[in-house]
Amino acid sequence: MRFYPLEKLINLHDNYSRQFKIDHLQLLLLQRDGQLYLIEANCPHRAHPLDSASIAGNTIECPLHQYRFNLADGRLLQHTEEPCRALKVWDIAYEGVEVGVMLGREFDR
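Residues numbered from 1 in each chain as written. Predicted model: local features only at pLDDT ≥ 70, side-chain atom pairs only at ≥ 80, totals over all residues. Heavy atoms only, no water.

J.: What's the story with the side chain of Gln-31 in this structure? I'm lost.
T.: In this fold, Gln-31 is placed in strand 3 (residues 25-32). Of the polar contacts made by the side chain of Gln-31, one reaches the side chain of Asp-14; its length is 3.4 Å. Apart from the residues within four sequence positions on either side, Gln-31 is in contact with Leu-12, His-13, Asp-14, Asn-15, Tyr-16 and Leu-36. (Helix = DSSP H or I, 4+ residues; strand = E, 2+ residues; numbered from the N terminus. Polar contact = N/O pair within 3.5 Å; in protein donor to acceptor, adjacent residues only side chain to side chain. Contact = heavy atoms within 4.5 Å.)

J.: Looking at this structure, I do not really get the sheet that holds strand 5 (residues 54-56). What am I missing?
T.: Pairing between the strands of a sheet comes from backbone hydrogen bonds, and it takes one of two forms, parallel or antiparallel. Sheet architecture is open: four strands sit in the order 5-6-7-8, paired in antiparallel fashion. Every interior strand has two partners, whereas the edge strands, strand 5 and strand 8 (76-78), have only one. Neighbouring strand axes in the sheet, compared pairwise and without regard to direction, differ in orientation by 30° on average. Taken together, the three bridges between strand 6 (residues 59-61) and strand 7 (residues 68-70) define a ladder with antiparallel strand orientation. Opposite Glu-61, over in strand 7, you have Arg-68 as the bridge partner. (Pairing = 2+ DSSP bridges. Axes fitted to C-alpha atoms, helices over the stretch in contact; angles between N-to-C directions.)

Shown next as structure tokens:
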């Protein structure tokens, strides 16, 4: 496992949202109500970007087809068309003054 830094802690605040690319992974780092979330940046249904998604509590809603996911564990809460897989989420890692993610060589999570 290797630490990949994403952001300095001093830059984080509520309503923070920023997309990151690590090799083939597109990640979205969010902070809402003091809680950090690291999720895949595109909806698993049709790969629509989630950077403009609606967030209420710990639920994110894709603006394209209104699929809703739990931010904490990625579980699909509601769908309007065909079902899709859960949203991928990663645990936040801290190293010094930075927040990031721990990834294996394969990025298989």
